[in-house]
Amino acid sequence: MNAIMRFARREPPAVAAYVIMAVVVIAWMLNTSRLSISSVAIVISQVLPLAMVACGMAIVIFGKGIDLSLGNVLTITNVIVIVLAGRGVPIVLAAVAALVVAIVVGAINGLLIAYMGLPPLVITLATSSILAGSALYILPQPGGSVPRWFADIPLLLIGPIPFSLVLLIGLPVLVWYPIRRSKLGPAIMAVGEDETSAFTSGINVKATRALTYVLGAVFACLGGILMTMTAMSGDPKIGVPFTMNAIAAAVLGGTVLAGGRGTLAGAVAGAVTLQLIGNLLFSLGLNGYWQYVVIGLILVAALGGPYLIGRARQNSSQAIRRAA
């Protein structure tokens, strides 16, 4: 209980994200007929790819960066796994090959941005374009398949608990928790909060920032593998909406775009909320296109709210000083 209270005091935006998620989950459950453990498992399996990409995006933002290539890292992962599986390569080896490619992409982004000082928006947009073209070259048309056992992994049940829920919580914890508890985790936050102070504290700012792009690509690759399980086929355009949605999920989960603040727990909550908003709109009989409008409004609120609060506090402080 004390740990929860400390977390609430340290990360109020993440707590707010979980409150919003709880409201959306309850509204979705009340408007969904024939709710069952299997249907919950299916919904969570649909959330998994976005949740992983959102975790990757959040880590990059922690280090005061942005990565517009993560959606297409997911795409190239999906395409590589499908094509290699179709050529008889064991699916696990195909996934490992995709992970190697993702790490290389993240390393290139990190080197160009952190060591050469090139702007992250331009570099990651260029990388995204290269990945999109490569995916179309490797797999011009949607197709392919994966073994049935591979596709069924997110739908497994451990007693009454969906395995997809275990993956949703377990994968970020497995990858991020050891990093967060090591010297690298605080270093990433310090670089995002104040680069000069981090440097004078002895932190290797360039290496730390470069590693955030590698970690972001690793999470996007995990999202691509999970997307392949869910879709059971390949699509060279499957990752198009993921980049913007991942930014929205991370921001909704309390990640500060200025860097240095946020949690992966909040990013996962943001991804669940965005996914369930779409499901809720569908169950209410509204056109799915409204989901994009809602996501845009959430982003405006998430970004505009802290700005307005900050301005209000600044004006209040100035008024107090003038009165004194």
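Quick caveat: nothing in here was measured; it's all calculated off a predicted structure.

### Observations concerning the packing of helix α8 (residues 163–181) against helix α13 (residues 264–283)
In a pair of packed helices, the angle between the axes and the distance between the axes together describe the arrangement. Remark: α8 packs on α13, axes separated minimally by 11 Å, with the N-to-C direction vectors making an angle of 150 degrees. On the basis of the axis angle, α8 is roughly antiparallel to α13. Considering how the two elements wind past one another, α8 and α13 form a crossing that is right-handed. Seen from α8, the contacting residues are L168, P172 and W176; seen from α13, they are L264, V268 and V272. Per-class residue counts for the contact of α8 with α13 are six nonpolar, no polar and no charged.

### Section: the nonpolar core
In this structure, M52, F62, L168, W176, L264 and L274 are the most contacted members of the largest nonpolar core, which totals 82 residues. Here the element with the most residues in this core is helix α3 (residues 37–62); it accounts for 15 residues. Aside from chain neighbours lying at most four places away, what touches M52 is L167, L168, L171, P172, F219, A220, L222, G223 and L226.

### Some remarks on the pattern of salt bridges
Evaluated as defined, the whole model comprises two salt bridges. Here D152 ties to R148 by a salt bridge, and the two come within 3.3 Å at their closest N and O atoms. Of this pair, D152 and R148 both sit in helix α7 (residues 148–152), four residues apart, which is roughly one turn of that helix. Note that R209 and E195 form a salt bridge whose closest N and O atoms lie 3.0 Å from each other. Remark: E195 occurs in helix α10 (residues 195–200) and R209 occurs in helix α11 (residues 205–231); sequence separation between them is 14 residues. Residue class for E195 comes out partly exposed when judged on its relative accessible area of 38%.

### Focus: the confidence of the model for the protein
Here the protein averages 86 in pLDDT, while 89% of its residues score no lower than 70. When pLDDT is averaged over each helix and strand of the protein, the minimum, 64, is found for helix α1 (residues 2–10) and the maximum, 96, for helix α5 (residues 91–115).

Cut-off values and rules
Residues numbered from 1 in each chain as written. Predicted model: local features only at pLDDT ≥ 70, side-chain atom pairs only at ≥ 80, totals over all residues. Heavy atoms only, no water. Axes fitted to C-alpha atoms, helices over the stretch in contact; angles between N-to-C directions. Helix = DSSP H or I, 4+ residues; strand = E, 2+ residues; numbered from the N terminus. Parallel < 35°, antiparallel > 145°, perpendicular 65-115°, else oblique. Left-handed = near helix turned anticlockwise from the far one by under 90°. Contact = heavy atoms within 4.5 Å. Nonpolar A, V, L, I, M, F, W, Y, C, P; charged D, E, K, R; others polar. Core = buried A, V, L, I, M, F, W, Y, C linked by side-chain atoms within 4.5 Å. Buried < 20%, exposed > 50% of the residue type's maximum accessible area, 1.4 Å probe, protein only. Salt bridge = Lys/Arg side-chain N within 4 Å of Asp/Glu carboxyl O. pLDDT = per-residue confidence, 0-100.

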